[in-house]
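Chain residues, written in single-letter form:
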Amino acid sequence: RKEVEQDPGPFNVPEGATVAFNCTYSNSASQSFFWYRQDCRKEPKLLMSVYSSGNEDGRFTAQLNRASQYISLLIRDSKLSDSATYLCVVNGRRGRRALTFGSGTRLQVQP
Amino acid sequence: GAVVSQHPSWVICKSGTSVKIECRSLDFQATTMFWYRQFPKQSLMLMATSNEGSKATYEQGVEKDKFLINHASLTLSTLTVTSAHPEDSSFYICSARGRDLGGETQYFGPGTRLLVL
């Protein structure tokens, strides 16, 4: 079983749509959770951290369910510029400093 | 946010040559740097973790004699791919975590595309 699992997609949605991505992780001892965004042929960029209480940043909402070891990302009012691959990231088994990346979920927002 | 640079951004080399990739933290001191590799349509895979002034810790399956990592200062880490082969062609990305940045955030360099012919 992969440490971090994501649906690879692609998710093809029209502009203005709401889209949700899910992610599960296997290490119950994980303490830190993030969503990163990666554009084609570019490095990952931090989108937002994920907190137990859930957090929102503009059109983006992240949720964490520790009991189910499940993380979600909701994007409202999708923009063309949201098209990218979204990576679910948790701190890995080798301690707090190492991050484990999911393989990513590709989003394509269409006009 | 903090800035991390990588050089070169891309390199093409012949099989058997060695390639050095530099990773620099430009506006903070990076106590820990991470090297990742990403093959097409796959996730980033951690290769090794390096702490300034000490030997790197390699992930299982990564050959330390082939991928030499040096973290000689708080702002510079290098990855040398020795005797490169076509299967080493990949996107190599470094990230850095700073002493004073707080939290678990890692800042990524722009990556280096390596093509071994």
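Bear in mind the structure is a predicted one, so any value in this text is a computation, not a measurement. (Residues numbered from 1 in each chain as written. Chains lettered and ligands numbered in written order. Predicted model: local features only at pLDDT ≥ 70, side-chain atom pairs only at ≥ 80, totals over all residues. Heavy atoms only, no water.)

Enquirer: Please explain the state of the cysteines as it appears in this structure.
Expert: When the sulfur atoms of two cysteines share a covalent bond, that bond is a disulfide. By the definition in use, this model includes 2 disulfides over all chains. Linked covalently through their sulfurs, A:Cys23 and A:Cys88 form a disulfide whose S-S length is 2.0 Å. Residues A:Cys23 and A:Cys88 share a disulfide whose torsion about the S-S bond is about -75°; that sign makes it left-handed. Of the two residues, A:Cys23 sits in strand β3 (residues 19–25) while A:Cys88 sits in strand β9 (residues 84–91), which places them 65 residues apart along the sequence. An identical accessibility class is assigned to A:Cys23 and A:Cys88; each is buried. Free of any disulfide, A:Cys40 has its nearest neighbouring cysteine sulfur in B:Cys94, separated by 20 Å. Of the residues examined, A:Cys40 reaches a relative accessible area of 66% and is grouped as exposed. No disulfide involves B:Cys13; its nearest neighbouring cysteine sulfur is the one of B:Cys94, lying 18 Å away. (Disulfide = S-S within 2.5 Å. Helix = DSSP H or I, 4+ residues; strand = E, 2+ residues; numbered from the N terminus. Buried < 20%, exposed > 50% of the residue type's maximum accessible area, 1.4 Å probe, protein only.)

Enquirer: Quick question: what am I supposed to make of the pairing of strand β5 (residues 45–51) of chain B here?
Expert: Consecutive residues of a regular strand have side chains that alternate between opposite faces of the sheet. Residue and element names in this part refer to chain B. Burial runs high along β5: 5 of the 7 residues are buried. Bridging between strand β4 (residues 30–38) and β5 involves 6 bridges; their strand directions are antiparallel. Within β5, the position partnered with Arg37 by the bridge is Met45. Between β4 and β5, which pair antiparallel one after the other, the connecting turn spans 6 residues, and Lys41 there sits at a positive phi close to 65°. As paired elements, β5 and strand β6 (residues 57–58) share 2 bridges and run antiparallel to each other. Following the sheet pairing, Thr49 is matched in β6 by Thr57. A loop of 5 residues connects β5 with β6, the two strands running antiparallel in sequence, and Gly53 in this loop sits at a positive phi of about 85°. (Pairing = 2+ DSSP bridges.)

Enquirer: Would you take a moment to explain the sheet that holds strand β7 (residues 67–73) of chain B for this structure?
Expert: Sheet strands pair via backbone hydrogen bonds, and the direction of the pair is either parallel or antiparallel. Residue and element names in this part refer to chain B. The 4 strands are arranged β1-β3-β8-β7 in an open sheet whose pairing can be described as antiparallel. Only two strands of the sheet have a single partner each, and these edge strands are β1 (4–7) and β7. Ignoring which end each strand starts from, the neighbouring axes of this sheet average 15° apart. Of the strand pairs in this sheet, β1 and strand β3 (residues 19–25) are connected by 4 bridges, and their pairing is antiparallel. Note on β3: the bridge partner recorded for Ser5 is Arg24. (Axes fitted to C-alpha atoms, helices over the stretch in contact; angles between N-to-C directions.)

Enquirer: What should I look at first to understand the pattern of salt bridges in this one?
Expert: Two side chains bearing opposite charge may form a pair once their charged atoms approach each other closely. Residue and element names in this part refer to chain A. Going through the model one piece at a time under the given rule, you end up with 7 salt bridges over all chains. One salt bridge connects Asp39 with Arg37, and the closest N-O pair in it is separated by 2.9 Å. In this structure, Arg59 and Asp82 form a salt bridge, with 2.8 Å as the shortest nitrogen-oxygen distance. Taken together, the positions of Arg59 in the loop between β6 (55–57) and β7 (60–65) and Asp82 in the loop between β8 (70–75) and β9 put the pair 23 residues apart, joining distant regions of the chain. Classification of Asp82 by relative accessible area gives buried; the value is 2%. (Salt bridge = Lys/Arg side-chain N within 4 Å of Asp/Glu carboxyl O.)

Enquirer: For this particular structure, what's the right way to read the sheet that holds β8(A)?
Expert: Residue and element names in this part refer to chain A. Taken in spatial order, the 5 strands make up an open sheet running β1-β3-β8-β7-β6, and their pairing is antiparallel. The outermost strands of the open sheet, each flanked by one partner alone, are β1 (4–6) and β6. Averaged over neighbouring strand pairs, the angle between their axes works out to 20° when direction is ignored.

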